[in-house]
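Observations on the three-dimensional arrangement
This is what each chain is made of:
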Amino acid sequence: LAGTIMFLYSWRLISRIFPGPSAANPFSNAWYSDSVTSRVVSYALSHTKPTDAVEVTFSPSVRWRIDRPVATRFNLPQCLTLSKPDGSFMSYQRAWQTEYIHGMDRVRPKYYILRKLVDLSGTYSTLDLILAVPGLRTLLDRNYRLDTTIADYLFYERREPVNSD
């Protein structure tokens with residue numbers, strides 16, 4: 001099998017698929033990092049204070065690099081978004097969805113960072129999945145604005161209350 005692969009594919013393509021060992025120390029930030037992840041993390045860190053909460057969805061590789069408080073305990077929102085085959089949710093998932101919205105509303109993170117991934121057919125996206133959580137679209141529309149986009153990451157920044165002075 002390996003001989004067939006080497007015969008059929010150019011070395012350039014193989015080197016892209018299997019780039020070889022990294023020069024970085026195993027389990028270091030550089031070992032796991034790519035340029036997009038690095039840019040996302042850099043943006044989040046440079047636009048927040050250490051005390052600002054940041055909520056990151058669908059991207060644990062970004063979440064663990066941002067040393068900021070979180071808004072919810074749901075570091076991976078799949079437990080909130082994966083439905084039964086008929087499209088319905090379990091009762092505990094509905095309770096978790098409510099908890100997620102209450103946590104976002106209570107903590108009010110400075111940034112809500114969403115990685116918008118699309119399936120191969122182009123039919124489903126993580127944006128559609130997370131916005132199907134009851135109350136999230138309203139919360140984002142009311143309290144956040146789209147600040148910037150880096151590759152497939154959307155940065156929603158919290159709107160500050162308007163002073164009536």
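You'll find the structure just up there.
Source: prediction; values computed, not measured.

Another aspect to go through is the nonpolar core. Judged by nonpolar contacts, the single largest core of 19 residues is most densely connected at Tyr100, Met104, Tyr112, Leu114, Ile130, Leu136 and Tyr144. Secondary-structure elements contributing two or more residues to this core are helix H7 (91–107), strand E2 (111–115), helix H8 (126–131), helix H9 (136–143) and strand E4 (153–158). Once residues within four sequence positions are removed from consideration, tyrosine 144 is found in contact with Met104, Arg108, Pro109, Lys110, Tyr112, Leu139, Tyr156, Glu157, Arg158 and Arg159. Ranked by size, the runner-up nonpolar core spans 13 residues in total, among them Val41, Ile66, Tyr153 and Phe155.

Moving on, we come to the packing of aromatic side chains. Going through the model one piece at a time under the given rule, you end up with six aromatic pairs. On the numbers, 4.9 Å between centres and 70° between planes, the contact of tyrosine 43 with phenylalanine 155 is edge-to-face. On the criterion of sequence distance, the pair formed by tyrosine 43 in helix H4 (residues 35–46) and phenylalanine 155 in strand E4 is long-range, its members being 112 residues apart. Residue classification places phenylalanine 155 among the buried residues on the basis of a relative accessible area of 0%. Between tyrosine 92 and tryptophan 96, the ring centres sit 5.0 Å apart and the planes meet at 65°, which makes this aromatic pair edge-to-face. A residue pair is termed a helical-turn pair when its members lie 3 or 4 positions apart in one helix, as tyrosine 92 and tryptophan 96 do in helix H7 at four residues. Site record: aromatic cluster; members linked through ring pairs are Phe74, Tyr92, Trp96 and Tyr100.

Once that is clear, we can look at the side chain of asparagine 143. Here asparagine 143 is to be found in helix H9. For asparagine 143, a relative accessible area of 14% gives the class buried.

The next subject is the pairing of strand E3 (residues 144–150). Bridge analysis of E3 against E4 gives six bridges, and the strand direction is antiparallel. Following the sheet pairing, threonine 148 is matched in E4 by phenylalanine 155. Counted along the chain from E3 to the antiparallel partner E4, the turn is two residues long, and its residue alanine 151 has a positive phi close to 55°.

Turning our eyes to something else, we now look at the pairing of strand E1 (residues 54–57). Burial of the side chains of E1 extends over both faces: Val54 and Val56 are buried on one face and Glu55 and Thr57 on the other. Looking at chain direction, E1 and E2 are connected through four bridges and run parallel. Counted as the bridge partner of glutamate 55 is tyrosine 112 from E2.

What follows is about H9. Looking at H9, one finds that the buried residues are Leu136, Leu139, Leu140 and Asn143. Viewed end-on, H9 has its buried residues packed into an arc of 95°, placing them on one side of the element. Against H7, E2, H8, E3 and E4 lie the buried residues of H9.

Rules used throughout
- Residues numbered from 1 in each chain as written.
- Predicted model: local features only at pLDDT ≥ 70, side-chain atom pairs only at ≥ 80, totals over all residues.
- Heavy atoms only, no water.
- Core = buried A, V, L, I, M, F, W, Y, C linked by side-chain atoms within 4.5 Å.
- Buried < 20%, exposed > 50% of the residue type's maximum accessible area, 1.4 Å probe, protein only.
- Helix = DSSP H or I, 4+ residues; strand = E, 2+ residues; numbered from the N terminus.
- Contact = heavy atoms within 4.5 Å.
- Phe/Tyr/Trp six-rings, centres within 6.5 Å; stacked < 30°, edge-to-face > 60°.
- Pairing = 2+ DSSP bridges.
- Arc of directions from axis to C-beta.

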